[in-house]
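Read off the chains here:
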Amino acid sequence: ETGVTQSPTHLIKTRGQQVTLRCSSQSGHNTVSWYQQALGQGPQFIFQYYREEENGRGNFPPRFSGLQFPNYSSELNVNALELDDSALYLCASSPSSGISYNEQFFGPGTRLTVL
Amino acid sequence: DQQVKQNSPSLSVQEGRISILNCDYTNSMFDYFLWYKKYPAEGPTFLISISSIKDKNEDGRFTVFLNKSAKHLSLHIVPSQPGDSAVYFCAASAIIQGAQKLVFGQGTRLTINP
């Protein structure tokens, strides 16, 4: 069974640029959630994707957007990068039903630095 | 507003003793609670969970207790081992606008001393 994978591992961008982060969900999981973890804080929910549609959103501006593909992999896009966007971005996958429905499994994250 | 709080940023415990990590929440909509463990440069790893209809769940050395009236949960690790040294996050789950959303606490750094 393959776990959640994310790419790239690290990324450095400058203010105003755009970035795309990628995530492959765990085998058998059709729901993907994205989280932002700032230094010294817990992860903050950005949004969730199910069946290729956004299924719920946290308190993040529209310049944070995403996609989910038919194979359940997902992308997080951030436009007009700001210094405060520097963080660890985590992707988590979960099944849509069954005993593990409430359990989300995380990838290793992408460390984004905005200069 | 911080709906899930872990008030202890750090905890130091001697190897072999019990580690107790605490978490408080404010939103009664939360119906499932999880503990994650995080090592540096890795994503959070799922550890143990509990449904709001239960008050205890045990898995090996790990036990989670839920006190709904106090909106408090705790994670007990016994006996503590050096490999348990990590940051522990408490998370609460609720279905909000169709999405299963996890709300995390700020984390507690646990250090197990030999």
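Just above, that's the structure.
Fair warning: this is a prediction, and the values are worked out from it, not measured in the lab.

**Digging into the overall build of chain B**
So, point 1. The helix and strand inventory of chain B stands at zero helices and 11 strands.
So, point 2. Going from the N terminus to the C terminus, chain B shows its helices and strands as β-β-β-β-β-β-β-β-β-β-β.
So, point 3. In terms of overall dimensions, chain B is globule-like: its C-alpha atoms have a radius of gyration of 14 Å, near the 13 Å expected for 114 residues.
So, point 4. With respect to the three principal axes, the spread of C-alpha positions in chain B is 45 × 30 × 20 Å.
So, point 5. Counted over contacts in chain B with a minimum sequence separation of 6, partners at least 24 positions apart contribute 55%.

**Considering the nonpolar core**
So, point 1. Grouped together as the largest cluster of nonpolar side chains are 25 residues, with contacts concentrated most on Val4, Phe30, Phe33, Trp35, Leu73, Leu75 and Tyr88 of chain B.
So, point 2. If you tally residues by element for this core, the top one is strand 9 (residues 86-96) of chain B, at five residues.
So, point 3. When neighbours within four sequence positions are excluded, Val4 of chain B is seen to be in contact with Cys23, Asp24, Tyr25, Phe30, Cys90, Ala92, Val103, Phe104, Gly105 and Gln106 of chain B.
So, point 4. Residues Leu21, Cys23, Trp34 and Val78 of chain A belong to the second largest nonpolar core, which totals 20 residues.

**A closer look at the sheet that holds strand 1 (residues 4-5) of chain B**
So, point 1. Here five strands make up an open sheet; going across it, the order is 1-3-8-7-6 (chain B) and the pairing antiparallel. Because the sheet does not close on itself, it has two edges, and the strands there are strand 1 and strand 6 (56-59) of chain B.

**As for the environment of Tyr89 of chain A**
All names here are of chain A.
So, point 1. In this fold, Tyr89 is placed in strand 9 (residues 87-94).
So, point 2. Taking C-alpha positions, Tyr89 is 8.7 Å from Ala38, a pair spaced 51 residues apart along the chain.
So, point 3. Among the polar contacts listed, one links the side chain of Tyr89 to the side chain of Gln36, at a separation of 2.9 Å.

**Examining a nonpolar patch on the surface**
All names here are of chain B.
So, point 1. A cluster of nonpolar residues, Ile18, Ile20 and Val78, forms a patch on the protein surface that exposes about 230 Å² of accessible area.
So, point 2. Tracing the backbone shows Ile20 in strand 3 (residues 19-25).
So, point 3. The exposure class of Ile20 is partly exposed, given its relative accessible area of 37%.

**What to know about the interface of chain B and chain A**
So, point 1. Taken residue by residue, the interface counts 22 residues in chain B and 21 residues in chain A.
So, point 2. Note on chain B versus chain A: buried area summed over both sides is about 1,700 Å², and carbon and sulfur give 53% of it.
So, point 3. The three residues of chain B that bury the most area against chain A are Pro44, Gln100 and Phe104 of chain B, which together make up 29% of that side's buried surface.
So, point 4. Applying the counting criterion to the chain B and chain A interface returns zero salt bridges.

**Comments concerning the state of the cysteines**
Residue and element names in this part refer to chain A.
So, point 1. As enumerated under the stated definition, the model contains two disulfides over all chains in all.
So, point 2. Between the sulfur of Cys23 and that of Cys91 lies a disulfide, 1.8 Å long from S to S. Taking the sign of the torsion about the S-S bond as the criterion, the disulfide between Cys23 and Cys91, at about -60°, is left-handed. With Cys23 in strand 3 (residues 19-24) and Cys91 in strand 9, this pair connects stretches of sequence that are 68 residues apart.
So, point 3. Residue classification places Cys23 among the buried positions, given a relative accessible area of 3%.

**Side note on the sheet that holds strand 3 of chain A**
Residues and elements named next belong to chain A.
So, point 1. With antiparallel pairing, the four strands of this open sheet are ordered in space as 1-3-8-7. Whereas interior strands pair on both sides, the edge strands pair on one side only; in this sheet they are strand 1 (5-7) and strand 7 (64-68). Strand-to-strand, the axes of this sheet are offset by a mean angle of 20°, without reference to chain direction.
So, point 2. As paired strands, strand 1 and strand 3 are joined by three bridges and run antiparallel to one another. Residue pairing for strand 3: Gln6 is matched across the bridge by Cys23.

**Points about the packing of aromatic side chains**
So, point 1. Per the counting criterion, the structure on display carries 14 aromatic pairs over all chains.
So, point 2. Between Tyr25 of chain B and Phe30 of chain B the ring centres are 6.2 Å apart and the planes differ by 70°, which places this aromatic pair in the edge-to-face class.
So, point 3. When the ring of Tyr36 of chain B is compared with that of Phe46 of chain B, the centres are 6.0 Å apart and the planes differ by 70°; the resulting orientation is edge-to-face. Residue Tyr36 of chain B is found in strand 4 (residues 32-38), and its partner Phe46 of chain B is found in strand 5 (residues 45-51); the two are separated by 10 residues along the sequence.
So, point 4. A network of ring pairs unites the aromatic residues Tyr35, Phe45, Phe105 and Phe106 of chain A together with Tyr36, Phe46, Phe89 and Phe104 of chain B as a single cluster.

What counts, and at which threshold
Residues numbered from 1 in each chain as written. Chains lettered and ligands numbered in written order. Predicted model: local features only at pLDDT ≥ 70, side-chain atom pairs only at ≥ 80, totals over all residues. Heavy atoms only, no water. Helix = DSSP H or I, 4+ residues; strand = E, 2+ residues; numbered from the N terminus. Rg over C-alpha atoms; globule rule 2.2 N^0.38 Å. Contact = heavy atoms within 4.5 Å. Core = buried A, V, L, I, M, F, W, Y, C linked by side-chain atoms within 4.5 Å. Buried < 20%, exposed > 50% of the residue type's maximum accessible area, 1.4 Å probe, protein only. Pairing = 2+ DSSP bridges. Polar contact = N/O pair within 3.5 Å; in protein donor to acceptor, adjacent residues only side chain to side chain. Patch = residues over 30% accessible without salt bridge, like charges linked within 9 Å, V, L, I, M, F, W, Y side chains within 5 Å. Areas by Shrake-Rupley, 256 points an atom, 1.4 Å probe, with all protein chains shown as cover. Salt bridge = Lys/Arg side-chain N within 4 Å of Asp/Glu carboxyl O. Buried area = accessible area lost by both parts, 1.4 Å probe. Disulfide = S-S within 2.5 Å. Axes fitted to C-alpha atoms, helices over the stretch in contact; angles between N-to-C directions. Phe/Tyr/Trp six-rings, centres within 6.5 Å; stacked < 30°, edge-to-face > 60°.

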